[in-house]
Amino acid sequence: GRLISTGFKFKILISIRKQPDIIDSLYVQYVHQGGAISFQNFIKLTPKAPIYISLNLFDYNSMYRSLNNKFGEGNVFVLPYEAISSYDDMNKFLSVFLGIEIQLKSQLFKKQNISLSGRNLKILRFSNRFMTSWASANGIFPSRLLNTKIVRRFLQKFNGGAKNKKSFFNNVYCQSFVEKYSQSNQDLQKALGVNLQEKYNYL
């Protein structure tokens, strides 16, 4: 409402990602930052959860329609996260969005976030129970003495073992959203004219 009241014309850029991938990624990031609660408590509002997410937030088509109604047809652009892996796709998209030619190259970027194996992620989550952080206030040790970054960096040096299993697909509560996300993505690709299903393997 405040943006519209300024009288300026806006172009809105939304970045989306396959729902199972982003939900799992958010949980892993939560553990990386000191979280210790289970995935089940993370995705559902419970008295045990100091932080949680609503799975209803990932209905991308509803978000797109709502923004279109506020800012006008043609002023809302959707960039699939998966398109970023292809610099040709991303450059074409950003060139249209910004109205200027964009030529980003892969060598301009450096990977910063190193994922942990499934086993080491479990170890990190367990150790987080004993360390105080913004995500876990009940720890024994204050963050200035021992924090999750130190443990994570140590585990990254010995990052063997099996990869993370997708918690989304192993969770009954999440599975109840699969059909909803699938329909939302189908409606969105019709509106965008971008084949999210075939090109980017959305549900």
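Described below are features of the structure shown in this document. (Residues numbered from 1 in each chain as written. Predicted model: local features only at pLDDT ≥ 70, side-chain atom pairs only at ≥ 80, totals over all residues. Heavy atoms only, no water.)

With that settled, the discussion passes to the overall build of the protein chain. Helix and strand counts for the protein chain stand at 10 helices and two strands. Ordered by position in the sequence, the α and β elements of the protein chain form the string α-β-α-α-α-β-α-α-α-α-α-α. Taking all 203 residues of the protein chain together, the buried fraction comes to 39%. Partitioning the intrachain contacts of the protein chain with sequence separation of at least 6 by distance along the chain shows that 65% fall at a separation of at least 24. Carbon and sulfur atoms provide 56% of the accessible area of the protein chain, an area that totals close to 13000 Å². (Helix = DSSP H or I, 4+ residues; strand = E, 2+ residues; numbered from the N terminus. Buried < 20%, exposed > 50% of the residue type's maximum accessible area, 1.4 Å probe, protein only. Contact = heavy atoms within 4.5 Å. Areas by Shrake-Rupley, 256 points an atom, 1.4 Å probe, with all protein chains shown as cover.)

If you look at the biggest cluster of nonpolar residues, it comprises 44 residues, and the most contacted ones within it are Ile 23, Ile 43 and Leu 55. The element contributing the most residues to this core is helix 2 (residues 19–32), with five residues. (Core = buried A, V, L, I, M, F, W, Y, C linked by side-chain atoms within 4.5 Å.)

Counted by the stated rule, this structure contains two salt bridges. Between Lys 18 and Asp 21 there is a salt bridge, and its shortest N-O distance comes to 3.7 Å. Here Lys 18 and Asp 21 have matching classes, each one buried. A salt bridge links Lys 166 to Asp 21, with the shortest nitrogen-to-oxygen separation between them at 3.5 Å. Of the two residues, Lys 166 is situated in the loop between helix 7 (148–157) and helix 8 (172–175) and Asp 21 in helix 2; the sequence distance between them amounts to 145 residues. A relative accessible area of 36% places Lys 166 in the partly exposed class. Members of the salt-bridge network, linked through shared partners, are Lys 18, Asp 21 and Lys 166. (Salt bridge = Lys/Arg side-chain N within 4 Å of Asp/Glu carboxyl O.)

Moving on to helix 6 (residues 118–128). All of the buried residues along helix 6 are Gly 118, Asn 120, Leu 121, Leu 124, Ser 127 and Asn 128. Contacts made by the buried residues of helix 6 are with helix 2 and helix 7.

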